[in-house]
Each structure stands twice: as C-alpha cells, then as structure tokens.
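A look at the structure
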Amino acid sequence: MDMAAAFADIGLAFNAAFGGPFHNAQIIRQGALEYDDGGSIIPGTGSPTLRPCKAQVDAATEAMRAQEGFAEKDRRIIVLAATLDGNVRTSDTIEILDGPAEFVGVWAIEFVGMDTAAAGWELRGRKA
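As the structure is a computational prediction, the values presented were derived from the model and not from experiment.

1. Description of the overall build of the protein chain
Regarding its fold elements, the protein chain presents two helices and six strands. Walking the protein chain from its N terminus toward its C terminus, one meets helices and strands in the order α-β-β-α-β-β-β-β. Burial analysis of the protein chain (128 residues in total) assigns 34% to the buried set. On the protein chain, roughly 7300 Å² of surface is accessible, and the fraction owed to carbon and sulfur atoms is 56%.

2. Some remarks on the confidence of the model for the protein chain
Residues of the protein chain with pLDDT of at least 70 account for 84%, and the chain-wide mean is 88. At the level of individual helices and strands, the protein chain shows its lowest average pLDDT in helix 1 (residues 3-18), which scores 57, and its highest in strand 4 (residues 93-96), which scores 98.

3. Here we look at the pairing of strand 1 (residues 23-29)
Among the seven residues of strand 1, six are classified as buried, and the element is accordingly described as predominantly covered. Taken together, the seven bridges between strand 1 and strand 2 (residues 49-59) define a ladder with antiparallel strand orientation. Bridging across to strand 2, Gln26 finds its partner in Pro52. Pairing between strand 1 and strand 4: four bridges, direction antiparallel. Of the residues in strand 4, the one forming a bridge with Ile28 is Thr93.

4. A look at the sheet that holds strand 6 (residues 120-127)
Spatial ordering of the closed barrel is given by 1-2-3-6-5-4, a layout of six strands whose pairing is antiparallel. Averaged over neighbouring strand pairs, the angle between their axes works out to 45° when direction is ignored. As paired elements, strand 5 (residues 105-114) and strand 6 share seven bridges and run antiparallel to each other. Following the sheet pairing, Met114 is matched in strand 6 by Trp121.

About the thresholds
Residues numbered from 1 in each chain as written. Predicted model: local features only at pLDDT ≥ 70, side-chain atom pairs only at ≥ 80, totals over all residues. Heavy atoms only, no water. Helix = DSSP H or I, 4+ residues; strand = E, 2+ residues; numbered from the N terminus. Buried < 20%, exposed > 50% of the residue type's maximum accessible area, 1.4 Å probe, protein only. Areas by Shrake-Rupley, 256 points an atom, 1.4 Å probe, with all protein chains shown as cover. pLDDT = per-residue confidence, 0-100. Pairing = 2+ DSSP bridges. Axes fitted to C-alpha atoms, helices over the stretch in contact; angles between N-to-C directions.

Have a look at this one:
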C-alpha cells in the first residue's frame, strides 16, 4: 500500500466512525470543444468528465491568504489523493455533494497543490 492510500484509509476510517469531515465530491473537467470548418462548435463535443472523490472543506491557510487573488470567502479544500483518479487543475471545478449546507455545491479551483506526503490535493476554492 502506498502512502496516499494509507492516509486515505485512515481518513475514511475516522470519517466512518465519527461522521468525519470527508464528504462525497466530484472533480469536473470540461471536455475539449471541437469546431467545424466554419468555426462553429460541433454539437455533442465538450462534455464534462466527472471523477468521484472524498473532500473536506476547511478554513483557508495563512499561505492561501497571502496568495494573489485571495478573497475572504475562499476556503481550503482537501481531496484525499487515493480517492481520485487523476490530477486536479485550476481549470477544473469541484462539486461537494453532501455535508454541511454551506459547503455543498460547485467551487471554482483558484489554486492547486499537494501536501508533502502526497496524501491529498490541497485546493483553494471559491464557491461558484
């Protein structure tokens, strides 16, 4: 078992036992649009890809607060790396599917990083 999987197992075990902070979520990546010879979008292209994961919404860190473009309503979102297939980009969005009402919904991703153990993606999100 790798480090990310071990941390995910621990986090999800606490989550199950104590109703912890990791909630069902999905990373939404917009598909590429295709254009015809006249420059019009070809219907049916650009469909988004939805990738399930487990995420926690928390207060922004001091480092996030120091970043250019920070807004007071920005939040730290931790995605357990082992629960997500693939990476995260700032062009993606994340939808928190359950948990506290103030966190449920779609969030724009303003910053993407990963913790030093590669156990989780650390996002700075802004409610869309």
